[in-house]
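A closer look at the structure
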Amino acid sequence: MKIDPKHNLKKPKYLIGVALAAAALAAGGFAIHEIKEEVMEQVDELLHTGGIVSAEPAFEAAEAVETTEENA
Amino acid sequence: MNLTLYLTENCNLRCSYCTREKHAQDMSRETVEKAVELAFSRGKNAGICFFGGEPLLKKDLIYYALELADERSRQTGIPFLSKITTNGTLIDEEFASMAKRANMQIGFSFDGTMQDDCRRTKEGGATFDLMVDKARLLMEHGCDTVAMCVASPEACGKLFESVKLVHDLGFPQMIINPAYGDKVTWTDETFEVLRGQFDQIADYMMELYQKGDKFKVAPLHNKISELIKGINPSKYCHLGIRQLAVSWDGNLYPCTSFLDKPEWYLGSVYEGIDETRRLEMAKRCFTPSPCKDCDLSARCTNSCGCANILNTGSPDMIAPVQCEYERMVISLADRLGDEMYAMGDQRFIDFMGL
Ligand code: SF4
Ligand code: SF4
């Protein structure tokens, strides 16, 4: 057993999938299953570039869109 | 605000890994009154977690605290939430009905088939059969219950079968924690046994997921959902900020491992919170130095001061076993998350409660 800090780990696929789905939902109101293909095409690239760290910004964006729509 | 109340230092069990000294010291009714007042004195919510020792040795104090809190909640409009962490052996019909009515969240400490290896009475008696009966009673009453299971080096070879038992008893969720503290020694060999058990648990969770069963096992389930939601598990309690522990005599401490340590004293329910010390504590950085640039830092419990104190004696030093455990659990959770996600995203999103 040892203390072993990790570096350059890949992001898990589910995180990127869910984050992209939420982002697309925020941007265009797609149902999640409709964008799955599109999501998956982008997964590989994101796994390498690490473009998404956490899905939180995407969820915030989705919430902002919903709030704007409710207020409109 | 949230308070954890040490109703008593006494316990009817003598668990092999327990780090609490047992004394016949109980909280007074007056201290309970002051604690309830403090819980309602600030913040938008009031919460009390009954703890010990074994809190159900002091059922009268629990009922008294709930009565007071209920009254305060009606007067102030502040919502109140109660929880208990109990060894379960003293649960009866009256308590189960009350817990259901009060929406109390019950942390039911039950080690499954490892129970009699580690969790025996003062006199050395077995508790497994009794606990199975108590579990059924809670399920029959529909109480909001999570089974809390401790895996010790000696008994962890039975962890997987314990998880299956907890599921079969009808619990919707369970939490596994490795035994930590000075009564426990993990070796490379025993840790490998634990790893093998977790592998089987992850496969079992996948099997249940495929069948549409929503049984959840932390830490596997929550390592996935926390990553998606951007929640850092180390920031949950943030020593002394989100909650405080109240010792039997009314003194305040940041959390459960700090009780009776004068250097962590934060005031008392009688004199109020020492805000200067509390702020000083909040400003201290508890991230252990090896963790500062680790990719898993935001997913790991490295800055849980309580666990660190138990393992290393210092709130900002991580133990090798904890690092090993966190890395194992996170990597298994990610494997499981990817397998679940591959079965369809909508189902995955529902299961993770997003
Ligand atoms: S039931 Fe809890 S307080 Fe009692 S001996 Fe076991 S771990 Fe310690
Ligand atoms: S995995 Fe280990 S090194 Fe990384 S943050 Fe956790 S305890 Fe620290």
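Residues numbered from 1 in each chain as written. Chains lettered and ligands numbered in written order. Predicted model: local features only at pLDDT ≥ 70, side-chain atom pairs only at ≥ 80, totals over all residues. Heavy atoms only, no water.

**Overview of the packing of aromatic side chains**
Residues and elements named next belong to chain B. Spelled out, the test is: The criterion for an aromatic pair is that two Phe, Tyr or Trp rings (for Trp, the six-membered ring) have centres within 6.5 Å, with stacked assigned to planes under 30 degrees apart, edge-to-face to planes over 60 apart and tilted to the rest. Secondary structure elements are defined from DSSP: runs of H or I of at least 4 residues count as helices, runs of E of at least 2 residues count as strands, and each element is numbered from the N terminus. Working definition: with a 1.4 Å probe on protein chains only, accessible area under 20% of the residue-type maximum means buried, over 50% means exposed, and in between means partly exposed. We call a charge positioned above a ring when the Lys NZ or Arg CZ atom is no farther than 6 Å from the ring centre and deviates by at most 35 degrees from the ring normal.
Within this structure, the stated rule accounts for 13 aromatic pairs over all chains. Ring plane angle 75° and centroid distance 5.7 Å describe the contact between Phe160 and Tyr204, whose orientation is recorded as edge-to-face. On the criterion of sequence distance, the pair formed by Phe160 in helix H6 (residues 159-168) and Tyr204 in helix H7 (residues 188-210) is long-range, its members being 44 residues apart. With respect to class, Phe160 is no different from Tyr204; both count as buried. Taken together, the aromatic side chains of Phe108, Phe110, Phe128 and Phe171 make up a single cluster linked through ring pairs. The aromatic ring of Tyr64 is capped on one face by Arg29, whose charged end is 3.8 Å from the ring centroid. The ring of Tyr209 carries Arg347 above its face, with NZ or CZ at 4.8 Å from the centroid.

**Focus on the site of ligand 1**
Note the following rule: Nearness of a residue to a molecule or strand requires only that one of the residue's heavy atoms be within 4 Å of it. All amino acids are sorted into three groups, where Ala, Val, Leu, Ile, Met, Phe, Trp, Tyr, Cys and Pro are nonpolar, Asp, Glu, Lys and Arg are charged, and the leftover types, Gly among them, are polar.
In the vicinity of ligand 1, the residues found are B:Cys11, B:Leu13, B:Cys15, B:Cys18, B:Lys22, B:Gly53, B:Asn87 and B:Arg119. Of the residues that constitute the shell around ligand 1, the class distribution is four nonpolar, two polar and two charged.

**Comments concerning the sheet that holds strand S7 (residues 216-218) of chain B**
Residue and element names in this part refer to chain B. The criterion, for reference: In this scheme, strands are said to pair when DSSP sees at least two bridges between them. When checking whether two residues touch, look at their non-hydrogen atoms; a contact exists if any pair is within 4.5 Å. Axes, fitted as lines to C-alpha atoms, cover a helix only where it is in contact. Angles between the N-to-C directions of the axes lie from 0 to 180 degrees.
Overall, mixed pairing links the nine strands, which are arranged S7-S6-S5-S4-S3-S2-S1-S8-S9 in an open sheet. Bordering the open sheet on either side are S7 and strand S9 (252-253), each of which pairs with just one other strand. Judged from the four bridges that link them, strand S1 (residues 2-8) and strand S8 (residues 243-246) form a sheet pairing that is parallel. Residue Leu3 lies in a different strand from S8, and its bridge partner there is Leu244. Lying on the sheet, helix H1 (residues 29-41) is in contact with S1, strand S2 (46-52), strand S3 (80-86) and S9; it crosses S2 at an angle near 140°.

**Structural notes on the site of ligand 2**
Taken together, the residues surrounding ligand 2 are A:Pro5, B:Cys291, B:Cys294, B:Ser297, B:Cys300, B:Asn302, B:Ile318, B:Cys323 and B:Arg327. Those chains with residues close to ligand 2 are chains A and B. Along the lines of polarity and charge, the residues of the shell around ligand 2 split into six nonpolar, two polar and one charged.

**Quick notes on the interface of chain B and chain A**
Our working definition: As a working definition, buried area equals the accessible area (1.4 Å probe) given up by two parts on being put together, with both sides summed. In what follows, salt bridge is the name for a side-chain nitrogen of Lys or Arg lying within 4 Å of a carboxyl oxygen of Asp or Glu. In protein, a polar contact means a hydrogen-donor-capable atom and an acceptor-capable atom, both N or O and within 3.5 Å, with residues adjacent in sequence counting only if both atoms are side-chain atoms; elsewhere, any N or O pair within 3.5 Å suffices.
At the junction of the two partners, chain B supplies 36 residues and chain A supplies 24 residues. For the pair chain B and chain A, the summed buried surface comes to about 2,400 Å²; carbon and sulfur atoms form 66% of the total. Linking chain B with chain A are one salt bridge, by the criterion used here. With its nearest N and O atoms 3.9 Å apart, the salt bridge here joins A:Asp4 to B:Arg327. If you look at where chain B meets chain A, you find 12 residue pairs in polar contact (both at pLDDT 80 or more). Secondary-structure elements contributing two or more residues to the side of chain B that touches chain A are H7, helix H8 (220-229), helix H11 (320-341) and helix H12 (345-351) of chain B. If one sorts the elements of the side of chain B that touches chain A by residue count, H11(B) sits on top with 10 residues. Here the side of chain B that touches chain A is composed, by residue class, of 20 nonpolar, five polar and 11 charged.

**Some points on the confidence of the model for chain A**
Residues and elements named next belong to chain A. Stated formally: Per-residue confidence from the predictor is reported as pLDDT, which spans 0 to 100.
Per-residue confidence for chain A gives a mean pLDDT of 62; residues scoring 70 or more make up 31%. Mean pLDDT per element in chain A: helix H2 (residues 36-49) is the minimum at 48, and helix H1 (residues 13-28) is the maximum at 74. Below a pLDDT of 50 lies the segment residues 43-55, which in the model reaches 22 contacts outside its immediate sequence neighbourhood of four places, other chains included.

**What about the pairing of strand S5 (residues 144-151) of chain B?**
Residue and element names in this part refer to chain B. As a reminder, the rule being used: Place the viewer so that the strands point away; then a crossover is right-handed whenever the path from the first strand over the helix to the second strand goes clockwise.
Where burial is concerned, most of S5 is hidden: six out of the eight residues are buried. As judged from the five bridges shared by S5 and strand S6 (residues 173-178), these two strands associate in the parallel manner. Opposite Val150, over in S6, you have Asn177 as the bridge partner. On the question of chirality, the crossover connecting S5 to the parallel S6 by way of H6 is right-handed.

**Some points on the environment of B:Ile91**
Residues and elements named next belong to chain B. Its location among the elements puts Ile91 in the loop between S3 and helix H3 (93-101). For the pair Ile91 and Phe108, spaced 17 residues apart in the sequence, the C-alpha separation amounts to 10.0 Å. Every residue in contact with Ile91, bar those within four places of it in the chain, is listed here: Leu56, Thr86, Phe108, Lys134, Leu137 and Leu138.

**Points about the nonpolar core**
Residue and element names in this part refer to chain B. Heads up, the rule is: As used in this record, nonpolar core signifies buried Ala, Val, Leu, Ile, Met, Phe, Trp, Tyr and Cys residues forming a set joined through side-chain atoms within 4.5 Å.
Phe50, Leu194, Phe198, Leu220 and Phe348 are the most contacted members of the largest nonpolar core, which has 114 residues in total. Examining the composition of this core, we find that 10 residues originate from one element, H7, more than from any other. Those residues in contact with Leu220 that sit more than four places away from it in its chain are Phe198, Ile201, Ala202, Met205, Val329, Leu332, Ala333 and Leu336.

**Some remarks on the packing of H6(B) against H7(B)**
Residues and elements named next belong to chain B. To be explicit about the condition: Angles below 35 degrees are treated as roughly parallel, those above 145 as roughly antiparallel, those between 65 and 115 as roughly perpendicular, and all remaining angles as oblique.
Where H6 meets H7, the axes come as close as 8 Å, and the angle between the chain directions of the two elements is 30°. When the axis of H6 is compared with that of H7, the two are roughly parallel. Residue-level inspection shows Leu159, Phe160, Val163, Lys164, His167 and Asp168 of H6 in contact with H7, the latter providing Leu194, Gln197, Phe198, Gln200, Ile201, Tyr204 and Leu208. Its residues placed into classes, the contact of H6 with H7 shows eight nonpolar, three polar and two charged.

**Some points on the pairing of S1(B)**
Residue and element names in this part refer to chain B. When you tally the buried positions in S1, you get six out of seven residues, the bulk of the element. Bridge count for S1 against S2 is six bridges, and the pairing is parallel. In the sheet register, Leu3 faces S2, and the bridge partner there is Ile48. Once the chain exits S1 it traverses H1 before rejoining the sheet at S2, and the crossover so formed is right-handed.

**Here's the deal with unusual backbone geometry**
In this model, B:Ala218 is joined to B:Pro219 through a cis peptide bond whose omega is 15°. Counting through the fold element by element, B:Pro219 comes out in the loop between S7 and H8. With phi around 55°, A:Asn8 is a residue other than glycine that occupies positive phi space. By the secondary structure assignment, A:Asn8 is in the segment before H1. Since its relative accessible area comes to 73%, A:Asn8 is described here as exposed. For B:Asn103, which is not a glycine, the phi torsion comes out positive at approximately 55°. Within the fold, B:Asn103 resides in the loop between H3 and strand S4 (105-109).

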